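Here is what each chain is made of, one letter per residue.
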Amino acid sequence: MNKKHFYTLTIVGLLLVNLMLIGFITFQKKGRPHPMQPKNIIIDKLNFDNDQIASYELLISDHLNKIRQKDHEIMELKRALYEQLRFDNNASVVDSVTTQISNIQKKIEQIHYDHFKEIKLICNSAQQESYSQLTEEISHIFSKKPPKLDRGPDIPKN
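Procedures and definitions
Residues numbered from 1 in each chain as written. Predicted model: local features only at pLDDT ≥ 70, side-chain atom pairs only at ≥ 80, totals over all residues. Heavy atoms only, no water. Salt bridge = Lys/Arg side-chain N within 4 Å of Asp/Glu carboxyl O. Helix = DSSP H or I, 4+ residues; strand = E, 2+ residues; numbered from the N terminus. Buried < 20%, exposed > 50% of the residue type's maximum accessible area, 1.4 Å probe, protein only. Axes fitted to C-alpha atoms, helices over the stretch in contact; angles between N-to-C directions. Parallel < 35°, antiparallel > 145°, perpendicular 65-115°, else oblique. Nonpolar A, V, L, I, M, F, W, Y, C, P; charged D, E, K, R; others polar. Core = buried A, V, L, I, M, F, W, Y, C linked by side-chain atoms within 4.5 Å. Contact = heavy atoms within 4.5 Å.

Trainee: Please clarify how the pattern of salt bridges should be interpreted in this entry.
Mentor: A pair can form between side chains of opposite charge whenever their charged atoms are brought close. This model, assessed by the stated rule, comprises 5 salt bridges. Of the charged contacts in the structure, one is a salt bridge between Glu 137 and Lys 45, with a shortest N-O distance of 3.2 Å. Of this pair, Glu 137 sits in the loop between helix H5 (128-135) and helix H6 (138-141) while Lys 45 sits in helix H2 (residues 38-46), and the two are 92 residues apart along the sequence. Relative accessible area serves as the criterion here: at 36%, Lys 45 is assigned to the partly exposed category. With its nearest N and O atoms 2.6 Å apart, the salt bridge here joins Glu 76 to Arg 79. Here Arg 79 and Glu 76 lie together in helix H3 (residues 50-83), a separation of 3 residues that amounts to about one turn.

Right, dumping it as structure tokens:
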């Protein structure tokens, strides 16, 4: 095979790969929420009707705003905490800032808890049993980490 054929095949191959990539990006389904998204799991498990879904979406919006505010407060405190690395003898400042961070984290957990109590109020009497079952799964549904794959026994590091 001479250089001309090699270059032609290479160019055609790269062109096909680019077209496939463009097609993948273009025809990817957007705007459709992932079916395993926590919001959809809750709607499905509790069998919410349209009015309940609308109420639930308002709860979610309010919840996210509260959490974003607390996350912002934590980030500001972390910035102040890590600025202390420049100084010596600042244990009391570090202790104070970490205590403030932990207090905000406690408030975040209370916000989450209250959010689920509000979801319960949306449920009708027929959905209360489903809600009770859902409470046993909440920690798994909202886990940020994907399920751990079994990769054999853990080997301690030296």
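Past the structure itself, the notes keep going.
Trainee: Whenever I open this one, the packing of H3 against helix H4 (residues 91-122) confuses me. Can you help?
Mentor: To characterise two packed helices, one gives the angle between the axes of the helices and the distance between these axes. The N-to-C vectors of H3 and H4 enclose an angle of 175°; their axes lie 9 Å apart at closest approach. By the angle class used here, H3 and H4 are roughly antiparallel. Here the contact of H3 with H4 is built from residues that sort into 15 nonpolar, 8 polar and 7 charged.

Trainee: Would you mind going over the nonpolar core with me for this structure?
Mentor: The nonpolar side chains of a soluble globular protein tend to be buried with one another. In this structure, Ile 42, Leu 46, Phe 48, Tyr 56 and Ile 119 are the most contacted members of the largest nonpolar core, which totals 17 residues. Secondary structure elements with two or more residues in this core: H2, H3, H4, H5 and H6. Contacts of Phe 48, omitting those with residues within four sequence positions, involve Ile 42, Ile 43, Ile 53, Tyr 56, Ile 119, Ile 122, Cys 123 and Gln 127.

Trainee: Whenever I open this one, the side chain of His 115 confuses me. Can you help?
Mentor: Relative to the helices and strands, His 115 resides in helix H4. Ignoring any residue separated from it by four or fewer positions in sequence, one finds His 115 in contact with Tyr 56, Leu 59, Ile 60 and His 63.

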